[in-house]
Amino acid sequence: MSPVDAPPLAEVLQQAAMVWRLFRAGQSLDRAIAAVVDKRPNLRPAVQDASYSAVRHLAASERIIERLSARTPARDVAALLAVSLAQLQSGRYGDHVVVDQAVSAARSSPKTRAASGFVNALLRTFVRERESLLADLRVDEVVHYNLPRWWIERLQRAYPPDWKAIAESQQQPPPLVLRVNTSRLSVDAYLRTLQDLGISAMRVGPQALWMHEPRPVSAIPGFSAGDVSIQDGGAQLAASWLDARPGMRVLDACAAPGGKTAHLAELGATDLTALEVDPDRALRIEENLRRIGVAARIVIGDARQPDTGVLYERILLDAPCTASGIVRRHADIPWLRRPTDVAQLTTVQRELLDALWPLLTPGGRLLYVVCSLFPEEGREQINRFLERRPDARQVPLPAAQLLPTSTSVAAWQDCGLPTLHDGFFYALLEKTR
Ligand code: SAM
């Protein structure tokens, strides 16, 4: 969008503040954005940008509001301040532009009009004292890493030497990583196409490449034809590690939106069932498969109560989890989760493992995956499963707990693991009898 087409910043701030209200009331950022811009689709890119920026500066902005307000501002005022302070911190617009537009936004709504003087004063104070204020606030790890305290404590406990590097890498902008459909073209051939088009990219895994500049799918060569898909390098390991060969009966038990289902089909799985509990999300599986030109049987249902009449040689269990490994892509996650969610999700994962295990043929394999860094959902979950199931053995994999890597990566050498990826836990389990 050129600056001439761009909607006025005041309007964007106002809409982003509405998103913020919904998000701080517990709605995911994407849902909140969709709800707010539903009737104003032309505002979507700018509102999305402002809302994501606000989440990336959440801890700092909320502390600034606290520090510079004599009493707690009304929710609508606090929301407008949070999104405006994020714009000031990101430096995308000049300070005076943001302050003026925030005040206009405040004046244009009856909910914030009376506080427009306060909005003006607080933002101006921030601009004046920015450096000392931020230096002071960033001493606190919650502000420095933009993560809730309980989340930081979990990372510290699980990764004493690495937690800072993990938290830093999760503050980076999410890299756009593609999976090349190697049943159609090689990664090198696709890279050459990009080079010819002047698009900068780098290989970061067996089928993975990183496009250095983010772009919409409509501007990714070959996307609509199914030559490439968007999928993190770590997520791309699932289909190859499951090793589903043609003719094997395969179940993808938690399948939507179908990224891994499509990859399994690309790699040759012919008898593939995709099971998903959420009917709306299941629609995305169909879309994904159609774009690539592959097929699977899509079933809507709860994998904790599966149809026990059919046995499978391969099962992929990409279980629901805290998503603590993909915070770089979903910065809202740590602020939406509560500490008690970890135990609840761990219970669901255990129920899924126990319900799906009987569906495996003797000698069959189940690949357990979570995009999580918390050991309760990964290593500890699998250790407990192995204690419960004497007929299960763990098959070694090149890696179990993948920690998110930074985008300052070296070029990929021909080794199995990708060099750029989010955080995942993998365990391959074989049924011994
Ligand atoms: N494998 C997917 C991919 O690569 O695109 C991502 C799967 S996502 C991590 C987990 C999915 O499991 C969600 O779509 C969720 O709705 C679904 N799910 C959660 N509980 C489930 C259950 N009991 N049975 C089946 N699906 C479930």
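Structure first, text after, so check above.
In this text, all values refer to a predicted model and were calculated from it rather than measured experimentally.

The rules behind each value
The written sequence of each chain sets the order in which its residues are numbered from 1. Thresholds applied to this predicted model are a pLDDT of at least 70 for local features of residues and 80 or more for the giving and counting of side-chain atom pairs; totals over whole chains, interfaces and linings are not thresholded and use all residues. With hydrogens and water set aside, each side-chain value is computed from the structure's full complement of heavy atoms. Starting at the N terminus, helices and strands are each numbered in turn, a helix being any DSSP run of H or I of at least four residues and a strand any DSSP run of E of at least two. What the globule rule says is 2.2 Å times the number of residues to the power 0.38, and the radius of gyration is computed from C-alpha atoms. The contact rule is simple, with two residues in contact once any of their heavy atoms fall within 4.5 Å. Here, Shrake-Rupley sampling with a 1.4 Å probe gives the accessible areas, and only protein chains in the shown set may cover a residue. Charge assignment in this entry is limited to Lys and Arg as positive and Asp and Glu as negative, and neither His nor the chain termini are counted. Note on charges: their place is set at NZ of Lys, CZ of Arg, CG of Asp or CD of Glu. As a rule, the C-alpha atoms of each element are fitted with a line to give its axis, helices using only the stretch in contact, and angles between N-to-C directions run from 0 to 180 degrees. Helix crossings get a hand from a simple test, with the near helix turned counterclockwise from the far one by less than a right angle marking a left-handed crossing and a clockwise turn marking a right-handed one. Residues were grouped as follows: Ala, Val, Leu, Ile, Met, Phe, Trp, Tyr, Cys and Pro as nonpolar; Asp, Glu, Lys and Arg as charged; and all remaining residues, including Gly, as polar. Note on definitions: the grid is 1 Å and covers protein atoms alone; a cavity is a set of points where a 1.4 Å probe fits but cannot get out; a pocket is an open set with protein on both sides within 12 Å along at least five of seven lines; lining residues have an atom within 4 Å of a point. Grid points are joined across faces, edges and corners, and a volume is the space filled by probe spheres set on the points. Only protein chains enter the area calculation, which uses a 1.4 Å probe; residues under 20% of their type maximum are buried, those over 50% are exposed, and those in between are partly exposed. By definition, two strands form a pair when at least two bridges between them are found by DSSP. We define proximity as follows: a residue is near a molecule or strand when any one of its heavy atoms falls within 4 Å of that partner. N or O atoms closer than or at 3.5 Å make up a polar contact, with two conditions inside protein: a donor-capable atom paired with an acceptor-capable one, and, for residues adjacent in sequence, both atoms drawn from side chains. Here, nonpolar core means buried Ala, Val, Leu, Ile, Met, Phe, Trp, Tyr and Cys residues that are tied together by side-chain atoms lying within 4.5 Å of each other.

K.L.:
Give me the lowdown on the overall build of the chain, citing residues and values where you can.
P.N.:
Looking only at helices and strands, the chain features 17 helices and twelve strands. Its C-alpha atoms give the chain a radius of gyration of 23 Å, near enough to 22 Å, the size a compact globule of 433 residues would have. Projected onto its principal axes, the C-alpha coordinates of the chain cover approximately 70 × 50 × 40 Å. A fraction of 74% describes how many contacts in the chain between residues 6 or more apart in sequence connect residues 24 or more apart. For the chain, the accessible surface area stands at approximately 19400 Å², while carbon and sulfur atoms represent 51% of it. Here the chain holds 51 positive side-chain charges and 48 negative ones, and the gap between their average locations is 3 Å.

K.L.:
Tell me what's going on with the packing of helix 1 (residues 9-24) against helix 5 (residues 75-90), and back it up with residues and numbers.
P.N.:
Between helix 1 and helix 5, the least distance of the axes is 8 Å, while the angle of their chain directions is 115 degrees. Along this stretch, helix 1 crosses helix 5, giving a crossing that reads as right-handed. Counting all contacts with helix 1, which are made through Leu13, Ala16, Ala17, Trp20 and Arg21, the residues of helix 5 involved are Arg75, Asp76, Ala79, Leu80, Ala82, Val83, Ser84 and Gln87. Looking at the contact of helix 1 with helix 5, its residues break down into eight nonpolar, two polar and three charged.

K.L.:
Give a detailed account of the layout of surface pockets, specifying residues and quantitative values.
P.N.:
Put simply, the second largest pocket is a space of about 440 Å³. Along its surface, the second largest pocket is lined by 20 residues, and Trp20, Arg24, Glu62, Ile65 and Ala78 are the ones closest to its centre. Sorting the residues of the lining of the second largest pocket by element identifies helix 1, helix 4 (58-68) and helix 5 as the ones contributing at least two each. Here the lining of the second largest pocket takes six residues from helix 4, the largest share from any one element. A class-by-class count of the residues in the lining of the second largest pocket yields eleven nonpolar, two polar and seven charged.

K.L.:
For the pairing of strand 9 (residues 360-370), give the residues involved together with the corresponding values.
P.N.:
Strand 9 sits mainly inside the fold: nine of its eleven residues count as buried. The sheet contact formed by strand 8 (residues 312-318) and strand 9 spans six bridges and is parallel. From the neighbouring strand, Asp318 faces strand 9, where its bridge partner is Val369. Where strand 9 lies against strand 12 (residues 424-431), six bridges are found, and the strand directions are antiparallel. Across the sheet, residue Leu367 finds its bridge partner in strand 12, namely Leu428.

K.L.:
Account for the site of the ligand, naming residues and giving values.
P.N.:
Around the ligand, a shell composed of 20 residues is seen, among which Glu276, Arg281, Asp302, Ala303 and Asp318 lie nearest. Contacts to the ligand include Pro257, whose backbone N or O atom sits 3.5 Å from an oxygen atom. The contact in question runs from an oxygen atom of the ligand to an N or O atom on the side chain of Lys260, over 3.0 Å. Looking at the shell around the ligand residue by residue, the classes come out as ten nonpolar, three polar and seven charged.

K.L.:
If you had to explain unusual backbone geometry to someone new, which residues and values would you point to?
P.N.:
Glycine aside, negative phi is the norm for most residues, and most peptide bonds take the trans geometry. Across the junction of Ala256 and Pro257, the peptide omega takes the value 5 degrees, indicating a cis bond. Counting through the fold element by element, Pro257 comes out in the loop between strand 5 (249-252) and helix 13 (259-266).

K.L.:
Residue-level account of the environment of Gly259, with values.
P.N.:
Within the fold, Gly259 resides in helix 13. Judged by relative accessible area, Gly259 falls into the partly exposed class, the value being 25%. Here the alpha-carbon distance between Gly259 and Gly416, two residues 157 residues apart in the chain, equals 20 Å.

K.L.:
How would you sum up the pairing of strand 1 (residues 176-180)? Please name residues and give values.
P.N.:
In terms of residue burial, strand 1 counts as a mostly covered element, since five of its five residues are buried. Neither face of strand 1 is left uncovered, since the one carrying Leu176, Leu178 and Val180 and the one carrying Val177 and Arg179 both have all their residues buried. Two elements, strand 1 and strand 3 (residues 208-211), share four bridges in a ladder whose sense is antiparallel. Paired with Leu178 across the two strands is Leu209, which belongs to strand 3. Strand direction decides the pairing type here: strand 1 and strand 4 (residues 228-230), joined by three bridges, are antiparallel.

K.L.:
Run through the nonpolar core, naming residues and quoting values.
P.N.:
Leu366 and Tyr368 are the most contacted members of the largest nonpolar core, which has 117 residues in total. The contact partners of Tyr368, leaving out residues within four places of it in the chain, are Leu317, Ala319, Gln349, Leu353, Glu377, Gln381, Ile382, Phe425, Tyr426 and Ala427. Judged by nonpolar contacts, the second largest core, of 14 residues, contains Leu176, Val187, Met211 and Ile220.

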